[in-house]
Structure formats: C-alpha cells, structure tokens
2 protein chains.
Amino acid sequence: MPPGLKDVAAQAGVSIKTVSNVVNGYVHVAPETRARVQQAIDALGYKPNMAARQLRSGRSGVIALAVPELQSPYFAELAGRIVHAAERRSWTVLIDQTDGHAERERNLVAGLRRHAIDGLIFSPLALAGEELARGGDETPMVLLGERVWHGPADHVAIDNTAAAADATRHLAESGRRRIAAIGAQDFPSAVTAQQRLAGYRAALEQAGLPADPALVAEVESFHRADGAAAMARLLDGPRPPDAVFCFNDLLALGAVRTLLERGYSVPGDVAVIGFDDIEDGRFSTPTLSTIAPDLGRIAELAVDLLAERLGEGEAATAAPRELRVSHRLVARESTLGS
Amino acid sequence: MPPGLKDVAAQAGVSIKTVSNVVNGYVHVAPETRARVQQAIDALGYKPNMAARQLRSGRSGVIALAVPELQSPYFAELAGRIVHAAERRSWTVLIDQTDGHAERERNLVAGLRRHAIDGLIFSPLALAGEELARGGDETPMVLLGERVWHGPADHVAIDNTAAAADATRHLAESGRRRIAAIGAQDFPSAVTAQQRLAGYRAALEQAGLPADPALVAEVESFHRADGAAAMARLLDGPRPPDAVFCFNDLLALGAVRTLLERGYSVPGDVAVIGFDDIEDGRFSTPTLSTIAPDLGRIAELAVDLLAERLGEGEAATAAPRELRVSHRLVARESTLGS
DNA sequence: ATGAAAGCGCTAACAC
DNA sequence: GTGTTAGCGCTTTCAT
C-alpha cells in the first residue's frame, strides 16, 4: 500500500491538514514544520493520489484531444503541438481516435466519456452543424476546423475558403488554364471539403477561368492513395489539367506520385499545390507548394480557450467565441519549378 | 451537480447498491428492477464518476504512452496503433511527449507521474540501460525499442541488428561496393543507432566489403533535415558512396532529396534504403526501399503485456519478458529502379 | 499556524 | 435479490 497523507502526518508528527498544506504549497506553514514534513514526504516517497484529489476538487488535470487519426501527419503534428501547449499549463492530454466514425464522434459530444476529463479539444470529421451541440455535459469543448453552425462551443480555425482561393489563384497567376481540384466530398458533414471547393470555384471565377466539372475529382478520404487514384482519373479524362489544387498535402503527394510515374513533369506539365504544410512536402521531389496554417497558434488558442472556460473569471460563461488563425501560401518547386 | 448513484436510487425506489449492480452489469438483478433502474438512469442522465470508482477500485482505465515526439511518422503511427489496441480493452491512452529529454524520461521512470495511470508503454530515447530501472513505482511498464540491459521491465522490439544487416546485404547483393550509413550516433543512450550500425558493419564484413569510416555519417537526430545534411557531407567527401543505408525512413527521404537536388539519379547513381516503412516512402519518388517492422504486432503485444501484468493471474508477477517482433525487407524503386 | 471532522461518489463485505 | 455500512485519500470548512 502506498503511503498516504496520514502516514506522512504520523511520521512528521503533525496533522494531516498540515501535510496537505505543504503538498499544495500553502503559504502559512512554519518553515521548520514545512521542513520536517518535506523530510517525511521524501522518506516515505509519498505521492498524492490523483483520484482522491480529483474526487474532491473536481479537476483531473487531463484534457482530451479527439482527432480522426494520428497517422495523418497533419493531425500528428497538431496533437504534438497541443500536448506541448497543454504541458505549459500542467495538463496532460488523452488521445481519442475517432477514425472519422460518426458514432464515435457522437459519443464524444454526448459526453459519453468513460474518463474524467476537464475539457475536450475536438476535430470533427463525420459530424457537423447541430449534431455538435452538447447535451447536458458541462465539460468545455473547443472545436477545431470549420463549422457552419453557431452553437455553444468555442471554435478555432483558419479561413478555409480564403485559403483555398489563395491556392487556386496562385495556380492561375502562373498562367495555368485548366486547374483541377482533388478532394471534393459530397456528404453533408464534409464541411472542410466544401469550403475548399467553394474557394477554388471563387478563385476560378475571379480569374475568368471556366469551371469544368470534369476537373473536380472526388475522394473517399484525404490520404495519399486517394490523391494518386484521383489524379489517374483526371489524367485518363478527355482533357487533362495543367494544374491541380489538392485539398490537403497527402492528396497532393499522391497526385505527384501518379504524375511522375506516368512520365509527366511537375510542374512542367502539371503544377500541384496542396494544403496543410506537412513536413513531407518540404523534402519531397519536387518540394510541394502548399497553404500553411499557423498550427502552433491553433494549438495554443485551443488550449487557451479551454483554460478560460475552466477558470473562475467571467470568461468561463461567456458566449462561444470564434477565433480565426492566419495562414500563408508557401510556393515551392511543385508550382514554381526548381 | 450531476446526479449520483444515490439520486438514481431515490428515483427508482431502490437502494444504492442495486443501482451499482445494474451499472456494473451484475447478473443477479430481477429483470423488472433492472428495467426500473435503467429508466431512472436514463431519465437523470446518470454517468458514473470515474474518479470515485478509481479511488475504490484502484484502476483508472488509462494507460500512458511515452514517445519522443508525435511529429515523427513512425511514432505517430505507433501511437495510433496503440490507441486502437488499447481501445479493444476499453482503455484510453494518455500521451506523454518526452522530446527525447533525459530529465523528462527520468521522471517518467521514477513514477513522478502527475496522473493516475494503470500502466506505461515507453519508447525511450535519452535513457538506456540501468537508468530505466524503476524505483518504487509499482505501475507496470513495457519498454519499446532496443535495450541492452536485463532489468525488471517487459520489452517488445524487433531485432535491430539483424534488420540493419538485411538492409545492408540487400544493397551489397545488388552490386553496390561503397555502401554508406547515415544515422550513427555517439552518445551512450543511442542504442538503436549503435545496433543498426553494428548490423551494417556485420553485413559489410560478411559481403567482403571494406568498412570505410568516411562512409559513416553521424546525425544529431533522425529527421529529414539531418538526412539531407548528412548526404551532402557524404557527397562532398573524397569518394562518394554508390549506396546508402539510412537508419530510418526520414533520414532516407532527406538523403534522397539531396541526391536528386544535386542531379544524382536514385537508384542509378546511388541506391537508398531506409528503416521503418512509414507511409511517405510508399508514395515518394522514387518509392523508398525499407525495413518494415510489424508495427501492429508491436502495439498489440505491448498492450497485451500490460494487460497481463494488470491481471490477477500468475503472469502479473512473472519475470520480465522480452518479446521479439518480426520485420521484413521491402524493396522498392530506391534500390531496384523503376 | 495547525488540528478535527465531514464527505466527494463509488465499490466491497456482509447482512437480510 | 436487495439493503446497510464502511471506507478509498484527499480537500475543506470550522475550530482552536
């Protein structure tokens, strides 16, 4: 049996409360008493029991991060940043992998959590709109990625539509005329895909380019294989594109692979731009042009928002906030040439 | 205040124990009573308080996974697999990012954990050997990756040395004579690097190839940038290699980048093989030959070992086990040509 | 500045 | 089958 406050108290010849005071850094403890208690703590190797502490205080010091999958570089990097940001507040992060399954995500939102967490940072994939409304559960939640519906949850995201337009415009400005898009998705929860598609179309129109439906390739998910397959379909079409905007870097990397495999030059024959700025794109051949969201800022803001809700101040009950994070276009070889 | 067992009991007109029985799926409850209780549970939206449950049972249902960094595809994928494996046992996974800092890792091992966890899966980077011995803390730990010292912890790994030899032999067998290695590390805890280096040297000797020290490039860490820089140094050397064995795929991808950037053909001029089989290598150009450890199996075994230690059976106190997981060589374009 | 006692929500023993 | 009771280890009034 591990030692408890009681054991330390006995060893130090003080009351349990005094030990608790020392452990929690309470100020009004005689230096001499403190020393004696500390000595007993060290001698016994006492460690506070977090379950008991939480039972009393209601706080676990754990927040959950729910992402579709850690395997995707974007989410892996996001997770890493959030773990670091949380660390600065002495929180640890529990990872929930939803695999993009609607039911898994619904459970999360419903608060059907099996574990005591102080807050949730959630990057939904299968759920959107009103389905994200929380029933009953008081645990604060911060949503990542796009949302359309103004509900009772804080939210951090970049301007997807504007970013997609930036990417497309970059292609148009380098003289490309048949600009394809890879990553369209039809289902209602695919908000991200729809916003990027909207940005793509807006930029096309602004550039005075026709919107050829044959140049929009749908994908099942946002992985390399999907991008490779979509690119193949585009190439097999009547008139192949001379540029492609892919809705994320993984799709772009897959598309590039198909192009090179078939003997096309990138960007000579076809320029390619992605979205996310994952590390792979900085070392691929050709290096990948992309949209770089300010990931570090996203992570920080998400954790900050949670902290505010968890705090005592008035912010805890404020209306849901919607925070916009900046992004920038990073032009590399896949659109510029080397 | 969220409803507790007591509230449900009152609502259903039964005792608190009966409610507990229903919640925990105890068998001997009259169907009719069960229904009534369940109804009360639903009506009140009762959720068990995990802190209290843990305080009693001593189990939190949370295990921790400590890795150097989630940003590395290998660890991201490992983490994803472990989260899934844990899920099958209804555990959730807490992520600890050590950043490879020795002190962080030392705290972990010392059990200086701030949070109640049932077990720890740990992939050490800065610590090795006796430093990994646990003091006092009873929480079961499973070590991932290589170890040299036979201590009181379970351990899952592939045969690093043999795998490195396989990779090197593959290069030699395709007729390469000046085979370089990228990834050597000098510090004592760099067990992985040392084992892979040993495998490389053994294979060289077996193939009757001289071991030229100028062909062994050291790196600070195992990232793309390190691989790119190391390759550049090799190329700037007196007699550049005609093949490179990189100690992980990230290094290899960086090396390939440098080669292509400088106009070398891969594998025409220089063949490259990596280690880990991360997804990037399957879509890069050229696709990357590599050593593929059975990651899924590693994750499963790690979780299984923890489960056994946590179980009631005799296995809980058995001697530390050392489990070897298989690996295979995956030859792709970077060594074969396309 | 320190101590005594209550109780957080739950499970485990033991009645009935 | 179901109810009663006693803590798990801690924080928190309230005293002193």
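Residues numbered from 1 in each chain as written. Chains lettered and ligands numbered in written order. Predicted model: local features only at pLDDT ≥ 70, side-chain atom pairs only at ≥ 80, totals over all residues. Heavy atoms only, no water.

Caption draft 1: View of the UniProt feature "domain: HTH lacI-type" (unreviewed entry) in chain A. According to UniProt, the positions carrying the feature "domain: HTH lacI-type" (unreviewed entry) are residues 3-57 of chain A. This span, residues 3-57 of chain A, is 69% helix and 0% strand, and a straight line between its end C-alpha atoms measures 21 Å. (UniProt positions renumbered as here; feature names shortened; annotations may be inferred. Helix = DSSP H or I, 4+ residues; strand = E, 2+ residues; numbered from the N terminus.)

Caption draft 2: How the structure looks around the protein's contact with DNA strand D. Near DNA strand D there are 24 residues, and of these L5(A), Y46(A), T18(B), T33(B) and R56(B) occur at the shortest range. Sugar and phosphate atoms form 65% of the subset of DNA strand D atoms that lie within 4 Å of the protein. Residue T18(B) places a side-chain N or O atom 2.5 Å away from a phosphate oxygen belonging to DNA strand D. At 2.8 Å, a backbone N or O of A30(B) approaches a phosphate oxygen of DNA strand D. Among the secondary structure elements, those contributing two or more residues to the surface near DNA strand D are α2 (16-23) and α4 (50-57) of chain A together with α2 (16-23) and α4 (50-57) of chain B. (Near = heavy atom within 4 Å. Polar contact = N/O pair within 3.5 Å; in protein donor to acceptor, adjacent residues only side chain to side chain.)

Caption draft 3: Focus on the protein's contact with DNA strand C. Taken together, 24 residues surround DNA strand C, and among them S15(A), T18(A), T33(A), L5(B) and Y46(B) come closest. Counting only the atoms of DNA strand C within 4 Å of the protein, the fraction contributed by sugar and phosphate is 72%. The backbone of L5(B) places a nitrogen or oxygen atom 2.6 Å from a phosphate oxygen of DNA strand C. Y46(B) has a polar side-chain atom sitting 2.4 Å from a phosphate oxygen of DNA strand C. Elements with a minimum of two residues in the surface near DNA strand C: α2 and α4 of chain A together with α2 and α4 of chain B. No other element matches the four residues that α4(B) contributes to the surface near DNA strand C. Residue composition of the surface near DNA strand C, grouped by class: ten nonpolar, eight polar and six charged. (Nonpolar A, V, L, I, M, F, W, Y, C, P; charged D, E, K, R; others polar.)

Caption draft 4: Summary view of the relation of the copies chain A and chain B. Turning chain A through 180 degrees and shifting it by 0.1 Å along the axis lays it on chain B, with an RMSD of 0.1 Å. On this basis, the relationship between the two copies can be described by a two-fold rotation axis. Considering only C-alpha atoms, the part of chain A nearest the rotation axis is L94(A), at 2.1 Å. Take the interface residues of chain A: 100% of them recur as interface residues in chain B, which is what a same-surface contact looks like. (Least-squares fit on C-alpha atoms with pLDDT ≥ 70 in both. Contact = heavy atoms within 4.5 Å.)

Caption draft 5: Quick peek at the interface of chain A and chain B. The interface is formed by 50 residues belonging to chain A together with 50 residues belonging to chain B. Of the roughly 4100 Å² buried between chain A and chain B on both sides combined, carbon and sulfur atoms contribute 56%. Along the contact surface separating chain A from chain B lie eight salt bridges. Here D280(A) makes a salt bridge to R224(B), at a shortest N to O gap of 3.3 Å. The interface formed by chain A and chain B contains 16 residue pairs in polar contact (both at pLDDT 80 or more). When contributions to the side of chain A that touches chain B are tallied by element, the ones reaching two or more residues are α4, α5 (73-87), β2 (92-97), α6 (102-110), α9 (224-236), α10 (249-261) and α11 (280-283) of chain A. Sorting elements by how many residues they give to the side of chain A that touches chain B places α5(A) first, with eight residues. For the side of chain A that touches chain B, a count of residues per class yields 22 nonpolar, 16 polar and twelve charged. (Buried area = accessible area lost by both parts, 1.4 Å probe. Salt bridge = Lys/Arg side-chain N within 4 Å of Asp/Glu carboxyl O.)

Caption draft 6: Structural detail: the packing of aromatic side chains. All names here are of chain A. If you walk through the whole model with that rule in mind, you get six aromatic pairs over all chains. Seen from their ring centres, F245 and F247 are 5.2 Å apart, and the 50 degrees between their planes marks the pair as tilted. Accessibility expressed as a relative area gives 0% for F245, which makes it buried. Judged by its relative accessible area of 0%, F247 falls in the buried class. Of the aromatic side chains, those joined through ring pairs into one cluster are F245, F247 and F275. (Phe/Tyr/Trp six-rings, centres within 6.5 Å; stacked < 30°, edge-to-face > 60°. Buried < 20%, exposed > 50% of the residue type's maximum accessible area, 1.4 Å probe, protein only.)

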